[in-house]
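Observations on chain architecture
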Amino acid sequence: MDSITQFSLGAVIGIAISPKKTPKVAIISGLLASLPDLDVLINYSNNLDSTINHRGFSHSLFFLTLVSPLLALILFKFFNYIDYFRWWLITFLALTTHAILDSFTIYGTSLFLPFSDEKIMIGSVFIIDPIYTLPLLASFLYLVVRKKPWLIQGKSFNTMALAFSHIYLLFGVIVQQMLTPAGYAFATPTPFNTYLWRVVKVEDSNISEYFVDIFGNQKTAISVKNQQSLGEINLESVSKYAKFSSNFYNLEVDDNRLILQDLRMGNIKNPMFSFVIAEKIDNQWKQVEPYRHTIKVDVGAMFGG
């Protein structure tokens, strides 16, 4: 999910657990929840490896569990008005809920490293969804402005916000199961909502895409030729990305370049992630260091327009 969402979730966790419900505690908890995304600062050898390795070890539940006691000890040393156990619980939940929430998007998250390098990609929520985020953010901002938790008729709005956001998350999973067709396919929400969904189905000869609302009304069906067999040209890059994307990728030859396209984000004709992995020189394919293939993203098509 986006940084504001992750910070907000961490902040409300801090508010919920800490006996002292102060803006400082909420901010610290929000910053803790933001730590796993520092992996974007790691410099990999090429664009494709950077994409694949994002949400790697820094999102591993095993790794986050290991570092939680140490981070909690540091916090307890400087802010000992909260006992060590509470700091540990805040730290553990702020870090691990970040990784778990990321796994609900379509990108893929390495929750189980080092025991498994499988990327978990439920895909039932878009990376930015205001309906999920705004209640959490509102609880945090109220505390910062008013210096006290928000109470509605004596009930904690912070608790209500946590409950609502995660019921909404569950709602997305249920809708996804209803809309995903049989076969090798996925359904994922279009940007900023769970009303309109994008469905992609991979078959032997073609890859199809259509948009459907929660009532089952379909529109804007398109298809492209399935060219995964071109992977023999550059097996190493393709095999790595195939595993990362759970085989939801396609290949295209454009101007003597072999383009690897991720089917999960954007749309099948204008994917958000696209890489040049080989070039034809003297009528022979040569591997190249993968680099991003710049395309014009059709924003309307992302919403089924």
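Residues numbered from 1 in each chain as written. Predicted model: local features only at pLDDT ≥ 70, side-chain atom pairs only at ≥ 80, totals over all residues. Heavy atoms only, no water.

**Topic: the environment of Ile233**
- Following the sequence through the fold, Ile233 ends up in the loop between β6 (218-225) and α8 (235-244).
- Each C-alpha atom of the pair Ile233 and Asn158 lies 54 Å from the other, and the pair is 75 residues apart in sequence.
- Those residues within four positions of Ile233 in sequence are excluded, and the remaining contacts are Leu258, Ala278 and Trp285. (Helix = DSSP H or I, 4+ residues; strand = E, 2+ residues; numbered from the N terminus. Contact = heavy atoms within 4.5 Å.)

**Thoughts on the packing of helix α1 (residues 3-17) against helix α7 (residues 157-179)**
- Taken N-terminus to C-terminus, the directions of α1 and α7 make an angle of 135°; their axes are 9 Å apart at the nearest point. In this view, α1 runs oblique relative to α7, as classed from their interaxial angle. For the element pair α1 and α7, the recorded crossing hand is left-handed. When α1 is examined against α7, the residues Leu9, Val12, Ile15 and Ala16 are found in contact with a partner set consisting of Asn158, Leu162 and His166.
- Class assignment for the residues of the contact of α1 with α7 results in 5 nonpolar, 2 polar and no charged. (Axes fitted to C-alpha atoms, helices over the stretch in contact; angles between N-to-C directions. Parallel < 35°, antiparallel > 145°, perpendicular 65-115°, else oblique. Left-handed = near helix turned anticlockwise from the far one by under 90°. Nonpolar A, V, L, I, M, F, W, Y, C, P; charged D, E, K, R; others polar.)

**Some points on the pairing of β6**
- Where strand β5 (residues 206-213) lies against β6, 6 bridges are found, and the strand directions are antiparallel. Paired with Ser208 across the strands is Ser223, a residue of β6.
- From the end of β5 to the start of β6, which pair antiparallel, there are 4 residues, and Gly216 there has a positive phi angle of about 90°. (Pairing = 2+ DSSP bridges.)

**Focus: unusual backbone geometry**
- Residues Leu113 and Pro114 are joined by a peptide bond in cis, for which omega reads 0°.
- We note that Ser246 has phi near 55°; this positive angle belongs to a residue other than glycine.
- Tracing the chain through its elements places Ser246 in the loop between α8 and β7 (249-254).
- The phi torsion at Asn283 lies on the positive side, around 65°, for a residue other than glycine.
- By the secondary structure assignment, Asn283 is in the loop between β9 (274-281) and β10 (284-292).

**So, α8**
- Residues of α8 that are buried include every one of Ser237, Val238, Tyr241, Ala242 and Phe244, and no others. Taken end-on, α8 shows its buried residues confined to a sector of 160°, consistent with a single buried face. Relative to its buried face, α8 has exposed residues pointing more than 90 degrees away, namely Leu235, Glu236 and Lys243.
- Packed against the buried residues of α8 are α3 (47-53), β7, β8 (257-262), β9 and β10. (Buried < 20%, exposed > 50% of the residue type's maximum accessible area, 1.4 Å probe, protein only. Arc of directions from axis to C-beta.)

**Some words on the packing of α1 against helix α6 (residues 130-146)**
- α6 packs onto α1 with a crossing angle of 55° between their chain directions and a minimal axis gap of 8 Å. The angle between the axes of α1 and α6 places the two elements in the oblique class. Relative to α6, the crossing made by α1 is left-handed. Judged by residue contacts, Ile4, Thr5, Phe7, Ser8, Leu9, Ala11, Val12 and Ile15 of α1 engage Tyr132, Thr133, Leu136, Leu137, Ser139, Phe140 and Leu143 from α6.

**Focus on the nonpolar core**
- In this structure, Ile207, Tyr241, Leu251, Leu260, Phe275 and Ile277 are the most contacted members of the largest nonpolar core, which totals 26 residues.
- Of all elements in the fold, only α3, β4 (196-202), α8, β7, β8 and β9 reach the threshold of two or more residues within this core.
- It is α8 that provides the largest number of residues to this core, a total of 4 residues.
- Ignoring sequence-local partners within four residues, the contact set of Ile207 consists of Val200, Lys201, Val202, Ile222, Ser223, Val224, Asn226, Tyr249, Asn250, Leu263 and Ile268.
- Membership of the second largest hydrophobic core comes to 24 residues, among which are Leu75, Ile90, Phe104 and Ala161. (Core = buried A, V, L, I, M, F, W, Y, C linked by side-chain atoms within 4.5 Å.)

**Side note on the sheet that holds β6**
- Reading across from one edge, β3-β4-β5-β6 is the order of the 4 strands in this open sheet, with antiparallel pairing throughout. Each end of this open sheet is capped by a strand with a single partner; those strands are β3 (185-189) and β6. Ignoring which end each strand starts from, the neighbouring axes of this sheet average 15° apart.
- One ladder, built from 7 bridges, connects β4 with β5; its direction is antiparallel. Across the sheet, the residue bridging to Leu196 is Asp213, located in β5.
- Along the sheet, α7 contacts β3, β4 and β5; its crossing angle with β4, the most-contacted strand, is approximately 45°.

**Some remarks on the sheet that holds β8**
- The sheet built from 4 strands is open, its strands ordered β7-β8-β9-β10 with antiparallel pairing. Each edge of the open sheet carries a strand with a single partner, namely β7 and β10. For this sheet the average axis-to-axis angle between neighbouring strands, irrespective of direction, equals 25°.
- Alignment of β9 against β10, held across 6 bridges, turns out to be antiparallel. For Lys280, the partnering residue across the bridge sits in β10 and is Trp285.
- Contacts from α8 reach β7, β8, β9 and β10, with the element oriented near 10° to β8.

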